[in-house]
Amino acid sequence: MGEKKKKIIKTIKVNADECNGCRACEVVCSAFHATPKYSSNNPARSRIRVIRHPIKDIYVPVYAGEYTPAECAGRNKYLLDGKEYEECAFCRASCPSRSEFKEPDSGLPLKCDMCEGEDEPLCVKWCLVDALTYEEREEEVEEQVETEEAEAGLESLIDKYGFDKVTDIIARMSQKGQ
Ligand code: SF4
Ligand code: SF4
């Protein structure tokens with residue numbers, strides 16, 4: 001058994017009944033994560049996507065979760081108020097079977113980082129109808145090595161280009177940096 005340590009658990013509660021589909025959350029997320037910050041906005045780069053059915057007034061915000069190298073063998077289809085949504089529409093994973101939650105140019109996976117460094121997630125701040133609310137609580141958890149975003153990015157590059165090519169590039173880059 002590992003050591004116990006205190007951890008802040010960050011939660012964004014989504015109240016889909018309140019969401020009006022304005023997509024301000026997508027805009028601010030993509031702008032905050034642009035390089036340099038706020039230099040552009042493109043919802044395709046956002047780590048939150050709003051699944052929409054405007055005729056029925058249904059909007060469901062979904063957050064980008066973990067990268068996965070393999071697609072699921074089974075798929076989900078949801079039927080909400082008479083509309084059948086695309087396969088995997090509400091899934092949080094960045095995965096090979098679809099384009100959601102991937103950088104449009106590089107294909108690198110996107111994952112919500114809770115706006116690291118900010119006192120409150122920006123999507124929550126910009127959601128003027130309180131469809132998104134932020135909560136923090138402290139919990140005792142087993143100490144474990146967490147998979148960082150950089151690791152997930154590296155893993156996806158290895159899946160795309162192969163281990164040898166990626167290590168070769170890293171070796172060349174580290175030589176340049178010496
Ligand atoms: S900002 Fe709020 S109301 Fe607007 S789309 Fe996002 S979650 Fe929905
Ligand atoms: S918490 Fe920050 S990183 Fe996550 S979806 Fe909201 S704006 Fe994007």
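The structure displayed is predicted, hence computed values, not measured ones.

A. A look at the environment of Gly153. With respect to the element layout, Gly153 can be found in helix 3 (residues 149–161). Its 17 C-beta neighbours within 10 Å are what place Gly153 among the partly exposed residues. Separated by 78 residues in the primary sequence, Gly153 and Arg75 have C-alpha atoms spaced 24 Å apart. Among residues more than four places away in sequence, those in contact with Gly153 are Leu108 and Pro109.

B. Region of the structure containing the environment of His33. Structurally, His33 is set in the loop between helix 1 (24–32) and strand 2 (48–53). The exposure class of His33 is buried, given the 20 C-beta atoms found within 10 Å. In this structure the C-alpha to C-alpha distance between His33 and Tyr67, which are 34 residues apart in sequence, comes to 18 Å.

C. Highlighting the site of ligand 1. Surveying the vicinity of ligand 1 reveals 15 residues, the closest of which are Cys19, Cys22, Ala24, Cys25 and Cys127. Of all the secondary structure elements, the ones that give two or more residues to the shell around ligand 1 are helix 1 and strand 3 (58–63).

About the criteria used
Residues numbered from 1 in each chain as written. Chains lettered and ligands numbered in written order. Predicted model: local features only at pLDDT ≥ 70, side-chain atom pairs only at ≥ 80, totals over all residues. Helix = DSSP H or I, 4+ residues; strand = E, 2+ residues; numbered from the N terminus. Buried ≥ 20, exposed ≤ 12 C-beta atoms within 10 Å, placed from the backbone. Contact = placed C-beta atoms within 7 Å. Near = placed C-beta within 6 Å.

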